[in-house]
Amino acid sequence: MRESSEAALRLPAHIRATKPYQPGKPIEALAREIGVQPEAIVKLASNENPLGMSDAARAVLTDADTGADLARYPDNDCRALLDALSRKFDVPAACLVPGNGSECVLGLAATAFLEPGRNAVYAQYSFQAFVNAVQRTGAAHKVVPALDYGCDLEAMLAALDDDTALVYLANPGNPTGSFVPGAALERFIAAVPSHIPVLLDEAYSEYLPVDDRYDSLAWVRRFPNLIVTRTFSKAYGLAGLRVGYGVAQAPLAALLNRIRPAFVVTALAERAAVAALDDEIFLARSCAENQKGVAQLYAGFEALGLYYLPSRANFVLVRVGDAAAVNASLLRQGVIVRPVGVYGLPEWLRISVGTRAENRRCLDALRNAVQG
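Residues numbered from 1 in each chain as written. Predicted model: local features only at pLDDT ≥ 70, side-chain atom pairs only at ≥ 80, totals over all residues. Heavy atoms only, no water.

Caption draft 1: Representation of the overall build of the protein in the model. In terms of regular secondary structure, the protein is built from 15 helices and 13 strands. Whereas a compact globule of 372 residues would reach a radius of gyration of roughly 21 Å, the protein reaches 21 Å, a difference of no more than 12%. Dimensions of the protein, computed from C-alpha atoms along their principal axes, come out at roughly 60 × 55 × 55 Å. A separation of at least 24 residues holds for 73% of the contacts in the protein among residues at least 6 apart in sequence. Summed over all atoms, the accessible surface of the protein reaches about 17,000 Å², with 52% contributed by carbon and sulfur. In the protein, 36 positive and 39 negative side-chain charges are present, and the distance between their average locations comes to 4 Å. (Helix = DSSP H or I, 4+ residues; strand = E, 2+ residues; numbered from the N terminus. Rg over C-alpha atoms; globule rule 2.2 N^0.38 Å. Contact = heavy atoms within 4.5 Å. Areas by Shrake-Rupley, 256 points an atom, 1.4 Å probe, with all protein chains shown as cover. Lys, Arg positive; Asp, Glu negative; His and termini not counted. Charge placed at Lys NZ, Arg CZ, Asp CG, Glu CD.)

What follows is the structure, encoded as structure tokens:
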């Protein structure tokens, strides 16, 4: 069999330059490497909910009748999920776009609006999925320097030009945990010309303290170019099921639905998401436990004399010096966190909030790594 190569395949330059996504190291892989059982590993690398999923969602997955119709394709329109979201957030179902995680929807926006000769504007230290989505289209990247590791909205507005076809913005931001107050964000969206779509990714919005929350879905009703994306992977604890959605005015939502792949949400994932959406007690508990966990990590970093960025999400970015060496030490101790050198932050580690015991284990391992 003759082997192919990228050169022989004559790949477009922008595809050749695309870098693969680097997820957090799997628990099983590290367990094999260091010779321990998987349950001895602490993974705080992927911003998952340490409480798992709600009992309501778990009950759907373990119901004896759940597998009865899995030989058939799921509902391509995700009607049960869209109806549940419509009721929950008072948004017409026609304004909703289901996705295999919210990353699916932000990728659809790139497909819809970007091509060679156009550009997308986003902030330095933005979510890597923004970068990859733009790269796959062959469009140009306009990366606006960060302000205190967060978004410089004035500079982003100044970066818009005649070729700008999409603006990406995450709030809270990943990997920095930065936050733009609602009033400033609303002014920014209002100032973007209406022919330029703005995608606002709110993967971590459920974790915001009550005083920081704002109604972005009300903005969708006012701004025909706004797309809000959310996910069930974080606070709802369904990362392994991959369910997300977008919200936009009906014409824009219809466009994104027209180009999305078929059957983006599996039947089981849709059922679990509908159940999780109604479990407000679990969501409130997840948020309360996250606030405690963030405070625990802050205190631990301060005790070690490490600088960190205040976070509105379920992770904290901490500066440790030689992050590659510190990360290697943590792995040897059975703790998985996320290096962020790919974001241009080689001295930092992003540490997800775990249970109290997991946080303590991570902080102890970090002490060993930085103090020797």
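Past the structure itself, the notes keep going.
Caption draft 2: The arrangement of the packing of aromatic side chains in detail. Following the criterion strictly, the structure yields 13 aromatic pairs and no others. Where Tyr-73 meets Phe-263, the ring centres are 4.7 Å apart and the plane angle is 15°; that geometry is what we call stacked. With Tyr-73 in the loop between α4 (55-62) and α5 (79-89) and Phe-263 in the loop between α11 (250-259) and α12 (267-277), this pair connects stretches of sequence that are 190 residues apart. In textbook terms, an aromatic cluster arises when at least three aromatic residues are bridged by ring pairs, as seen for Phe-89, Phe-232, Tyr-236 and Tyr-245. The ring of Phe-89 carries Arg-230 above its face, with NZ or CZ at 5.3 Å from the centroid. When the ring centre of Phe-315 is taken as origin, the NZ or CZ atom of Arg-350, which lies over that ring, is 5.5 Å away. (Phe/Tyr/Trp six-rings, centres within 6.5 Å; stacked < 30°, edge-to-face > 60°. Lys NZ or Arg CZ within 6 Å of the ring centre and 35° of its normal.)

Caption draft 3: Spatial organisation of the environment of Arg-230. Assignment of secondary structure puts Arg-230 in strand β7 (residues 226-231). Along the backbone, Arg-230 and Gly-101 are 129 residues apart, and their C-alpha atoms lie at a distance of 8.1 Å. Within polar-contact distance, the side chain of Arg-230 engages the side chain of Glu-202 at 3.0 Å. (Polar contact = N/O pair within 3.5 Å; in protein donor to acceptor, adjacent residues only side chain to side chain.)

Caption draft 4: Inspection of the side chain of Thr-231 at higher detail. Along the chain, Thr-231 turns up in strand β7. Accessibility expressed as a relative area gives 4% for Thr-231, which makes it buried. A distance of 3.0 Å separates a polar atom in the side chain of Thr-231 from the backbone nitrogen of Ser-233. Within polar-contact distance, the side chain of Thr-231 engages the backbone oxygen of Val-243 at 3.4 Å. With residues up to four places along the chain from it excluded, the contact list for Thr-231 reads Ser-102, Ala-203, Glu-206, Tyr-236, Val-243 and Gly-244. (Buried < 20%, exposed > 50% of the residue type's maximum accessible area, 1.4 Å probe, protein only.)

Caption draft 5: Quick peek at the nonpolar core. Core analysis: the largest hydrophobic core is formed by 92 residues, its most contacted members being Met-156, Tyr-168, Leu-226 and Phe-232. If we ignore the near neighbours within four places in the chain, the residues touching Phe-232 are Leu-81, Leu-85, Gly-237, Leu-238, Ala-239, Val-243, Tyr-245, Ala-273 and Leu-277. (Core = buried A, V, L, I, M, F, W, Y, C linked by side-chain atoms within 4.5 Å.)

Caption draft 6: Region of interest: the sheet that holds strand β3 (residues 119-123). Overall, mixed pairing links the 7 strands, which are arranged β2-β8-β7-β6-β5-β3-β4 in an open sheet. Here the strands that pair on one side only, and so sit at the sheet edges, are β2 (96-99) and β4 (140-144). Strand-to-strand twist across the sheet, computed as the mean angle between neighbouring axes with direction ignored, equals 20°. Pairing of β3 with strand β5 (residues 164-170), which is carried by 3 bridges, proceeds in the parallel orientation. From the neighbouring strand, Asn-119 faces β5, where its bridge partner is Thr-164. (Pairing = 2+ DSSP bridges. Axes fitted to C-alpha atoms, helices over the stretch in contact; angles between N-to-C directions.)

Caption draft 7: Representation of the packing of helix α6 (residues 102-113) against helix α7 (residues 128-137) within the structure. Across the interface, α6 lies against α7 with an axial gap of 9 Å and an inter-helix angle of 35°. Seen from above, α6 lies across α7 with right-handed handedness. Across the interface between the two elements, Glu-103, Leu-106, Gly-107, Ala-110 and Thr-111 from α6 touch Ala-129, Phe-130, Ala-133 and Thr-137 from α7. Across the contact of α6 with α7, the residue classes break down as 5 nonpolar, 3 polar and 1 charged. (Left-handed = near helix turned anticlockwise from the far one by under 90°. Nonpolar A, V, L, I, M, F, W, Y, C, P; charged D, E, K, R; others polar.)

Caption draft 8: Broad picture of the sheet that holds strand β13 (residues 348-352). The strand order β9-β10-β13-β12 describes an open sheet built from 4 strands, whose pairing is antiparallel. Two strands lie at the open edges of the sheet, namely β9 (308-309) and β12 (338-339), each paired on one side alone. Pairing of β12 with β13, which is carried by 2 bridges, proceeds in the antiparallel orientation. Opposite Pro-339, over in β13, you have Leu-349 as the bridge partner. Strands in contact with helix α13 (residues 280-303) are β9, β10 (315-319) and β13; relative to β10, the strand with the most contacts, it is inclined by about 10°.

Caption draft 9: Quick look at helix α3 (residues 27-34). Along α3, the residues that are buried comprise Ala-29, Leu-30 and Ala-31. Check the buried side of α3 and you find it contacts α14 (323-332) and β11 (335-336). One or two steps after α3, the chain reaches Gly-35, where phi turns positive at roughly 70°.

Caption draft 10: Geometry of the pattern of salt bridges. The final tally for this structure, using the stated rule, is 12 salt bridges. Between Arg-118 and Glu-115 there is a salt bridge; the shortest N-O distance is 3.5 Å. Of the residues examined, Arg-118 reaches a relative accessible area of 34% and is grouped as partly exposed. What makes Glu-115 partly exposed here is its relative accessible area of 40%. (Salt bridge = Lys/Arg side-chain N within 4 Å of Asp/Glu carboxyl O.)

These figures come from the coordinates and say nothing about function on their own.
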